[in-house]
Amino acid sequence: MLTARFLVLSLAASLAAGPLACAQSPAPARVRGTISSVGAGDLQVTTRSGDKVTLKLPADTVVTIIEPIAIDAIKPGSFIGTAARTQPDGTLRALEVQVFPESMRGVGEGHRPWDLGPDSTMTNGTVGTLEKVTDERTLTLDYKGGEKTVVVPAGAPIITYEPGSTAALTPGAHVIVTATRNPDETLTAVRVGVGKDGLVPPM
């Protein structure tokens, strides 16, 4: 039987690894928005653009709570993921940072395109050097085959994960849903990340 810890790691890996993580499978669909309603076997989400998307919600859908964590959790040697945009000088400016537990070290390691706006990327790696300048952090992020310099601005969301249940799927909750696309073009929710206490999942 799958443990809650394993399910959390599975969801986090999916959120952070991106479409290249499963090269042999179709890229997952990601739906970001607010829960409109929850029915028997389905979930309706109003996306950030205002569209209404209905997803099938099997009993084995994994639910995880996304919660904030202090920026001081980012330390040299931490394994993190960050959605970011490239700045003119080639450095990355973080849109968010995910601080992974030690058991997830290596998940989704690398640098790849992401779908959080134009020219966004996702980079997972190990923090090397770390410099604090006022309320910002500038760090090097090392991954197999490369290194990036990342600026984490003051106010950038810093998050981690905890186990959840379908009880967290309530109207008004902010979610990011990883789904599979069925042959008839409907979507089936595989994993749902729910922002804790009104948090909007930043990834």
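These remarks concern the structure in this document.

The rules behind these values
Residues numbered from 1 in each chain as written. Predicted model: local features only at pLDDT ≥ 70, side-chain atom pairs only at ≥ 80, totals over all residues. Heavy atoms only, no water. Helix = DSSP H or I, 4+ residues; strand = E, 2+ residues; numbered from the N terminus. Buried < 20%, exposed > 50% of the residue type's maximum accessible area, 1.4 Å probe, protein only. Contact = heavy atoms within 4.5 Å. Areas by Shrake-Rupley, 256 points an atom, 1.4 Å probe, with all protein chains shown as cover. Salt bridge = Lys/Arg side-chain N within 4 Å of Asp/Glu carboxyl O. Phe/Tyr/Trp six-rings, centres within 6.5 Å; stacked < 30°, edge-to-face > 60°. Polar contact = N/O pair within 3.5 Å; in protein donor to acceptor, adjacent residues only side chain to side chain.

1. Regarding the overall build of the protein
Move 1: For the protein, the count of helices and strands is 1 helix and 13 strands.
Move 2: Its helices and strands in sequence order give the protein the pattern α-β-β-β-β-β-β-β-β-β-β-β-β-β, from N to C terminus.
Move 3: Counting across all 203 residues of the protein, residues that qualify as buried make up 45%.
Move 4: For the protein, contacts bridging at least 24 residues in sequence account for 62% of all contacts bridging at least 6.
Move 5: Split by element, the accessible area of the protein, about 9,700 Å² in all, is 55% carbon and sulfur.

2. Observations concerning the pattern of salt bridges
Move 1: Tallied over the full model, the rule gives 8 salt bridges.
Move 2: The partner of D72 in a salt bridge is R137, and the shortest N-O contact between them spans 2.7 Å. You can see D72 sitting in the loop between β4 (62–68) and β5 (79–86) and its partner R137 sitting in strand β9 (residues 136–143), a full 65 residues away along the chain.
Move 3: Between E102 and R105 there is a salt bridge, with the nearest N and O atoms lying 2.8 Å from each other.
Move 4: Given the relative accessible area of 56%, E102 is considered exposed.
Move 5: Among the charged side chains, a network of salt bridges with common partners joins R30, R32 and D115.

3. Describing the packing of aromatic side chains
Move 1: For the coordinates displayed, the defined rule picks out 2 aromatic pairs.
Move 2: Summarising the aromatic geometry, the rings of F79 and F100 are spaced 5.8 Å apart at their centres and angled 35° between planes, so their arrangement reads as tilted. You can see F79 sitting in strand β5 and its partner F100 sitting in the loop between β6 (92–99) and β7 (110–113), a full 21 residues away along the chain.
Move 3: Ring centres of F100 and Y161 lie 6.4 Å apart, and the angle between their planes is 10°; on these two criteria the pair is classed as stacked. Taken together, the residues span a long stretch of sequence, with F100 in the loop between β6 and β7 and Y161 in strand β11 (residues 158–163) at a distance of 61 residues.

4. Focus: the side chain of T61
Move 1: One can find T61 in the loop between β3 (52–56) and β4.
Move 2: Given a relative accessible area of 8%, T61 falls into the buried group.
Move 3: In terms of polar contacts, T61 uses its side chain to reach the backbone carbonyl oxygen of P58, at 3.0 Å.
Move 4: The residues touching T61, leaving out its near neighbours within four places in the chain, are A189, V190, R191 and V192.

Interpretation in functional terms is not warranted from these geometric data alone.
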